[in-house]
Structure formats: C-alpha cells, structure tokens
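# Structural characterization, general
These are the residues of each chain, in order.
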Amino acid sequence: MVRPESLQKYALFGGLLEEQIERIIPLMAKESFAVGDYIISEGKSNDKIFFLIEGHVAVTKKDIVLSHLGEGEAFGEMEVLDVMPAVASIKALSQVTAMSISNKALREIYKIDIKTFSLIIMNLARDLSRHLRKTDEKLASLPDEMV
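Just so it is clear, the structure is predicted and the values come from calculations on it, not from any experiment. (Residues numbered from 1 in each chain as written. Predicted model: local features only at pLDDT ≥ 70, side-chain atom pairs only at ≥ 80, totals over all residues. Heavy atoms only, no water.)

## A closer look at the overall build of the protein
Which entries qualify depends on this criterion: Helix and strand definitions here come from DSSP, where helices need a minimum of 4 consecutive H or I residues and strands a minimum of 2 consecutive E residues; each element is numbered from the N-terminal end. For the radius of gyration, the atom set is restricted to C-alpha positions; the globular benchmark scales as 2.2 Å times the number of residues to the power 0.38. Note on exposure labels: buried denotes an accessible area under 20% of the residue type's maximum, exposed denotes more than 50%, and partly exposed covers the range between, all computed with a 1.4 Å probe on protein chains only. Any two residues whose heavy atoms approach within 4.5 Å are treated as being in contact. All accessibility values rest on the Shrake-Rupley procedure with a 1.4 Å probe; residue burial counts only the protein chains present in the view. Residues scored as charged are limited to Lys and Arg (positive) and Asp and Glu (negative), so that His and the chain ends carry no count. Where a charge lies is defined by one atom per residue type: Lys uses NZ, Arg uses CZ, Asp uses CG and Glu uses CD.
When you go through the protein residue by residue, the secondary structure sums to five helices and eight strands. For 147 residues, the compact-globule estimate of 2.2 N^0.38 gives 15 Å, and the C-alpha radius of gyration of the protein, at 16 Å, lies within 12% of that figure. Dimensions of the protein, computed from the C-alpha atoms along their principal axes, are close to 50 × 30 × 25 Å. The burial tally for the protein puts 39% of its 147 residues in the buried class. Counted over contacts in the protein with a minimum sequence separation of 6, partners at least 24 positions apart contribute 71%. Carbon and sulfur atoms make up 56% of the accessible area of the protein, which amounts to about 8600 Å² in all. The protein carries 18 positive and 22 negative side-chain charges, and their two centres are separated by 3 Å.

Structure representation (structure tokens):
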C-alpha cells in the first residue's frame, strides 16, 4: 500500500499532514494500466480523479495530443468537479500506476474531515488554474488566423 509520507510530495496532497492522508488512504484505489490503455475516454463519464504514481500518459482531444503528464500529476478533476462527460482522453504511454479518488470517496472525505476535503479541493483548483494558464499561453502563441 502507498505510504502517507510518499503522497505528500504530490500537488494534490500539498499542505496535508501525514495523519490526514492516512485517514483517506482507505478511500483511494490503486489502479494499473498497460501501454495503450485509455484511462479516460473523451465524451464518456468519469467519476474519478487520478494521480500518477508512475508512468506517463497523453492527453488527447479528437486524436490531437494536447499534453503529456507524468509522475505526481493529476487528471480527471474536471469531470469530478463539474459532473460532465470527459472533455479529453487520457491514454497510457507506458505502464501506468495511478491512485484514484472517486466522487463517492470525496463525499466521504468531506464527512470525515472537512479540512482535508477543503485542502484537496483547493489543490485541485490550483492544478486546474495551472492547466488553464498553460493553455492560454499556447493559444496566445498561435498565429492570429488560427485563433
């Protein structure tokens, strides 16, 4: 099983104490994916936030690679937060080990420790903000006729 102190290095758990992480580990699932597996499929429902323990994935939309993610990075947060179908696909580029937190697990975290829940949501918001900034920078660098 994953140890609390090893999770503290991931952005999703930034600011959480070992004891807080220890309480929520039983609500997480460890998942493995082979090269080429779709972890999330564009247009399909997804009710989990994933964070990569090892491996690399591609974020694609309509078969166009938008970005690559590696160890410590999270994905799936948009669908969990806005409860809409996935806006992009996530495909394993290598053997992937990820931890996931389902929407149901997030509700349980809210019930057992509101402070932990609040920090996780704040960390998700920060991650989304970073992704939005990167996207804005990419769009701003495109020629005017492409925007």
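## Some remarks on the environment of Glu42
How we decide: What qualifies as a polar contact is a pair of N or O atoms within 3.5 Å, subject to a donor-acceptor requirement within protein and to the restriction that residues adjacent in sequence count only when both atoms come from side chains.
Along the polypeptide, Glu42 turns up in the loop between β2 (38–40) and β3 (48–54). Taking relative accessible area as the criterion, Glu42 reaches 28% and is therefore assigned partly exposed. With residues up to four places along the chain from it excluded, the contact list for Glu42 reads Thr60, Lys61, Lys62, Ala86, Val87, Ala88 and Ser89. A polar atom in the side chain of Glu42 sits 2.9 Å from the backbone nitrogen of Lys62.

## Description of the environment of Leu17
Tracing the chain through its elements places Leu17 in the loop between α1 (4–7) and α2 (18–24). Given the relative accessible area of 48%, Leu17 is considered partly exposed.

## What about the pattern of salt bridges?
Keep this limit in mind: Every case where a carboxyl oxygen of Asp or Glu lies within 4 Å of a side-chain nitrogen of Lys or Arg is listed as a salt bridge.
One pass over the structure, following the stated rule, counts six salt bridges. Measuring nitrogen to oxygen at the nearest pair gives 3.3 Å for the salt bridge that ties Glu108 to Lys111. Here Lys111 and Glu108 lie together in helix α4 (residues 103–112), a separation of three residues that amounts to about one turn. Measuring nitrogen to oxygen at the nearest pair gives 2.6 Å for the salt bridge that ties Arg130 to Asp127. Of the two residues, Arg130 and Asp127 both sit in helix α5 (residues 114–140), three residues apart, roughly one turn of that helix.

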